[in-house]
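Here is what each chain is made of, one letter per residue.
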Amino acid sequence: MSTYNFDYLDELEAEAIHILREVAGQFEKPALLFSGGKDSITLVRLAEKAFRPGKFPFPLVHIDTGHNFEETITYRDKMIERIGEKLIVGSVQESIDQGKVVEQKGKNASRNTLQTVTLLDTIAKYEFDACIGGARRDEEKARAKERIFSVRDEFGQWDPKRQRPELWNIYNGKIHKGENVRVFPISNWTELDVWNYIRREKIDLPSIYFAHERDCITRNGQLMAASPFLNMDDEDIVINKTVRFRTVGDMSCTAAVESEATLIDDIISEISASKISERGARMDDKVSEAAMEDRKKGGYF
Amino acid sequence: MNILKFFTAGSVDDGKSTLIGRLLYDTDSILADQLEALQSSNRKNDDGTIDLAILTDGLRAEREQGITIDVAYKYFQTDKRKFIIADTPGHIQYTRNMVTGASTANLAIILIDARNGVVEQTIRHSYLVSLLGIKHIVVCINKMDMVDYSETVFNAITEKYKGLAQQLHLKDVTYIPVSALKGDNIVQSSGNMDWYEGESLLHFLEKVDTDAQDKSQFARMPVQWVIRPQTEELHDYRGYAGRVLSGTFKLNDKVTVLPSGASSTIEKIEFFDQSPAEALAGQSVTIHLKDDVDISRGDTIVNASALPNESKLIEADLCWMDTRALDTSLTYFIQHNSKTTRCKVNEILHKVDINTLEKHTADEFKLNDIGRVIIKTADALAFDLYDDNRTNGSAILIDSRTNLTVGALMFRAAVE
């Protein structure tokens, strides 16, 4: 593939658009998994570039843990109104109410792992055959080997040993009934690429990505937003800090970083100089060295 | 700034993972928490320094066995370039993984252990690089620290390799003496080899010009999706969405649509909110034609004065990628760009012993086998030859029973 005359962001963008159009062409009922985070927001922009002035050939699906940052939900609803596309919400609270999952107990309780069940149920209910997600290979070691089209069995499982070879830019989306494919159009992007793209495209983001004052507590050496969703006790001391978030997950598992970065340029210089990887602020990855791989095998996105 | 995709061939023993780890480590691409995980790991070098190879060994099974068993992609950048590394295992049983990693790369690093020189696997890796049409090759002669940084050793290996390069028609080959373990000539130029006047590996990678990789300038765009809003205001809107895989399309260019053969002219090129005058290779765009021709996914829009081959019988190199052997009586799917049709492997012309490069006749094709075949497709494909146009000259075979990708095809000729 020739790369003259356009720079790396154009190249990454063109590749992602190509992948999104392959999804449209190869699947009957695809969906775009929208978390409200910067990566899925980037996917929405890429989908606009792939399909406008037509409609998206897929709905957006949000798996709502019920422990969201309020800012994310406000952003989501405003965005849906702007783009005029369909949104489907899968509720973790509903899965809990139906007894399909049990809320974790203890200080480190989080709904992060519970959302896998809600996700799989939502996929089954709407018979989605492809789910587009914003995962990137630079995030974590186990993700570095994930294909762009990654087949899941009917239990949502990923088998790292049975991945299909993926050659050139040919994506094999053929599946049996009950299986589905996870598709990662921005696999080859790094965190910095995403931020540079957001800056270039002037994409609006939820306010929690930027420095703001917030009541926090310290857990396992990390700053967590004080919220009713966190099991707090007398030992937890609430302090007001100027922070921002590098990823947007469930409030109970996403750590904040102290930051004065109020503008996107500040964030980009901060990340360029940073010595902590993005997922370093995710408590869910810290459980064991192979944490991510185990969760992916179990159907986690 | 552009992106260089490169792939590394070499076995565990050649220090391939260490080389990649060293590139990442010395370019400050490893972050504190990753480094911390690295330092707390039980795997250490004999002298107690951290084992950089762990950085690229992704999956648990691999960590347990201490080997790389798949393709892992790694990313780093300097102020000159962005890099994507496809890290593949080098042992013969992972030939399919190497073929996969090499398929998207525009440069290959071949690792040679200075103590052993050109060995069987060097021949194998170099053959795969030539098969997959990678134009730029860097031969890293590693473990120079184990041979006293000897120029004589380096020169002897270089001479030996030149013969192989000639045999395989590898033209652009660069030789660099390195020690991945000690960091010589990986990022910093080595102080241990004053006799070497070339650049360090990284400096070479930053500068190598890969723009001429795809020498075909003939315009091709496979249609992936037809955009038809069918709203009141856009009632007649019909845009053909796809990625230009080679050449350039300009406004008013005469084009042919294959397989129908219909002719038309480019009326408009769209890219989201822009209407550029041309669409270049690599760009994902939407094209509008002046005439109302019937076009759907799987069709290809091409420059009317430079048509590709159109044939149902194609001679191709095949790499078999499945544990289930090729069955010449079976119908497979073939996926070529956005088109999928059925096909059979009509004839096995020869197989290649990739350790010796000898060709021999064969009636079976098993996992990791490579050779020349003739395929017959249900619908004709509009293709170019792989050496002229990688993207339009390649395809995959899919087993219709398992849906697995079982073969990689590189088109070598249309059979009359």
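A quick note: this is a predicted structure, and the numbers were derived from the prediction, not measured.

Caption draft 1: Layout of the overall build of chain A. The secondary structure content of chain A amounts to eight helices and ten strands. For chain A, buried positions account for 52% of its 301 residues. Put simply, of all contacts in chain A between residues at least 6 apart along the chain, 76% involve residues at least 24 apart.

Caption draft 2: Looking closely at the overall build of chain B. Scanning chain B from N- to C-terminus turns up seven helices and 21 strands. Here chain B holds 416 residues, and 50% of them are scored as buried. The contacts in chain B between residues at least 6 apart in sequence include a share of 71% that link residues at least 24 apart.

Caption draft 3: Quick peek at the domain arrangement of chain B. Residues and elements named next belong to chain B. Partitioning chain B into domains gives domain 1 (3–207), domain 2 (220–303) and domain 3 (309–414). Taken together, the contact pairs twelve residues of domain 1 with 13 residues of domain 3. At the level of elements, α4 (95–103) and α5 (120–131) are the ones that each hand at least two residues to the side of domain 1 that touches domain 3. The leading source of residues in the side of domain 1 that touches domain 3 is α5, at five residues. Of the residues assigned to the side of domain 1 that touches domain 3, the class counts are five nonpolar, four polar and three charged.

Caption draft 4: Region of interest: the sheet that holds strand β8 (residues 222–225) of chain A. All names here are of chain A. Pairing in this closed barrel of four strands is antiparallel, and the strands run β7-β8-β10-β9 around the ring. Here the average twist between neighbouring strands, direction ignored, is 70°. Across four bridges, the pairing between strand β7 (residues 212–219) and β8 is antiparallel. From the neighbouring strand, Thr218 faces β8, where its bridge partner is Leu223.

Caption draft 5: Up close: the domain arrangement of chain A. Residue and element names in this part refer to chain A. Domains assigned within chain A are domain 1 (8–193 + 290–297) and domain 2 (205–284). Distance between the C-alpha centres of domain 1 and domain 2: 23 Å. Of all the secondary structure elements, the ones that give two or more residues to the side of domain 1 that touches domain 2 are α2 (38–51), α3 (70–83) and α6 (191–201). In terms of residues, the side of domain 1 that touches domain 2 owes the most to one element, α3, which gives three residues. By residue class, the composition of the side of domain 1 that touches domain 2 is six nonpolar, ten polar and seven charged.

Caption draft 6: Spotlight on the packing of α6 of chain A against helix α7 (residues 264–273) of chain A. Residue and element names in this part refer to chain A. Where α6 contacts α7, the axes come no closer than 10 Å and their chain directions differ by 165°. Taken together, the axes of α6 and α7 lie roughly antiparallel to each other. The two elements α6 and α7 meet at a crossing, and its hand is left-handed. Listed contacts from α7 to Glu191, Leu192, Trp195, Asn196, Ile198 and Arg199 of α6 are Ile264, Ile267, Ile268, Ile271 and Ser272.

Caption draft 7: Highlighting helix α6 (residues 151–167) of chain B. All names here are of chain B. A rise of 1.5 Å per residue sets the reference length of α6, with its 17 residues, at 24 Å; its end C-alpha atoms lie 25 Å apart and thus fit the reference within 8%. Residues of α6 that are buried in the fold lie against β4 (107–113), β5 (136–142) and β6 (172–177). One or two residues past the end of α6 sits His169, with phi positive at roughly 60°.

Caption draft 8: View of the confidence of the model for chain B. Chain-level statistics for chain B give a pLDDT mean of 89 and a share of 89% at 70 or above. The complex model carries a pTM of 0.90, and its ipTM stands at 0.91.

Caption draft 9: Main features of unusual backbone geometry. Backbone torsion omega between Arg52 of chain A and Pro53 of chain A reads 10°, so that peptide bond is classified as cis. With respect to the helices and strands, the residue Pro53 of chain A is situated in the loop between α2 and β2 (60–64). A positive phi is found at Asn368 of chain B, a non-glycine position, where the angle reads about 75°. Relative to the helices and strands, Asn368 of chain B resides in the loop between β18 (358–360) and β19 (370–383). On the basis of neighbour count, Asn368 of chain B is assigned to the partly exposed category, with 19 C-beta atoms found within 10 Å. The phi torsion at Asn403 of chain B lies on the positive side, around 65°, for a residue other than glycine. Take Asn403 of chain B: it is sitting in the loop between β20 (394–398) and β21 (405–414).

Caption draft 10: Region of interest: the nonpolar core. Residues Leu20, Leu32 and Val183 of chain A together with Phe6, Ala102, Ala108 and Cys140 of chain B are the most contacted members of the largest nonpolar core, which totals 171 residues. Apart from residues no more than four positions distant in its own chain, Leu20 of chain A is found in contact with Leu46, Ala47, Ala50, Ile132 and Pro185 of chain A.

Caption draft 11: Focus on the sheet that holds strand β6 (residues 180–183) of chain A. Residue and element names in this part refer to chain A. Read from one edge to the other, the open sheet built from six strands follows the order β3-β2-β1-β4-β6-β5, with strand pairing classed as mixed. At either margin of the open sheet sits one strand with a lone partner, and together these are β3 (87–91) and β5 (149–152). Between one strand axis and the next, the sheet turns through 30° on average, direction left out of account. Direction of pairing for β5 relative to β6: antiparallel, over a ladder of four bridges. Residue pairing across strands places Ser150 opposite Arg182, the latter belonging to β6. Contacts from helix α1 (residues 8–26) reach β1 (30–33), β4 (130–132) and β6 within the one sheet, and its direction differs from that of β4 by about 155°.

Caption draft 12: The environment of Val71 of chain B, seen in detail. Considering the arrangement of structural elements, one finds Val71 of chain B in the loop between α3 (60–65) and β2 (72–77). Note on Val71 of chain B: 27 C-beta atoms within 10 Å, which makes it buried. Each C-alpha atom, one on Val71 of chain B and one on Ala102 of chain B, is 9.9 Å from the other, the two residues being 31 residues apart in sequence. Ignoring sequence-local partners within four residues, the contact set of Val71 of chain B consists of Lys145 of chain A together with Ala86, Asp87, Thr88, Asn97, Thr100 and Gly101 of chain B.

Caption draft 13: Region of the structure containing the pairing of strand β15 (residues 309–320) of chain B. Residue and element names in this part refer to chain B. Taken together, the ten bridges between β15 and β19 define a ladder with antiparallel strand orientation. Across the sheet, the residue bridging to Ile314 is Ile375, located in β19. Bridge count between β15 and β21: seven bridges; the pairing is antiparallel. Bridge pairing in β21 links Ala316 to Phe411.

Caption draft 14: Quick look at the environment of Asp204 of chain A. Looking at the secondary structure, you find Asp204 of chain A in the loop between α6 and β7. Note: C-alpha distance between Asp204 of chain A and Thr42 of chain A (162 residues apart in sequence) is 9.9 Å.

Caption draft 15: Molecular detail of α5 of chain B. Residues and elements named next belong to chain B. For α5, spanning twelve residues, the distance from its first C-alpha to its last is 17 Å, which sits close to the expected 16 Å at 1.5 Å a residue. Residues of α5 that are buried include every one of Gln121, Thr122, Arg124, His125, Ser126, Tyr127, Leu128 and Val129, and no others. Elements that come into contact with the buried residues of α5 comprise β1 (3–9), α4, β4, β5 and α6. After α5 finishes, the residue Gly133 shows a positive phi value of roughly 70°.

Calculation criteria
Residues numbered from 1 in each chain as written. Chains lettered and ligands numbered in written order. Predicted model: local features only at pLDDT ≥ 70, side-chain atom pairs only at ≥ 80, totals over all residues. Helix = DSSP H or I, 4+ residues; strand = E, 2+ residues; numbered from the N terminus. Buried ≥ 20, exposed ≤ 12 C-beta atoms within 10 Å, placed from the backbone. Contact = placed C-beta atoms within 7 Å. Domains from an automatic or database assignment. Nonpolar A, V, L, I, M, F, W, Y, C, P; charged D, E, K, R; others polar. Pairing = 2+ DSSP bridges. Axes fitted to C-alpha atoms, helices over the stretch in contact; angles between N-to-C directions. Parallel < 35°, antiparallel > 145°, perpendicular 65-115°, else oblique. Left-handed = near helix turned anticlockwise from the far one by under 90°. Expected span 1.5 Å × (residues − 1). pLDDT = per-residue confidence, 0-100. Core = buried A, V, L, I, M, F, W, Y, C linked by C-beta atoms within 7 Å.

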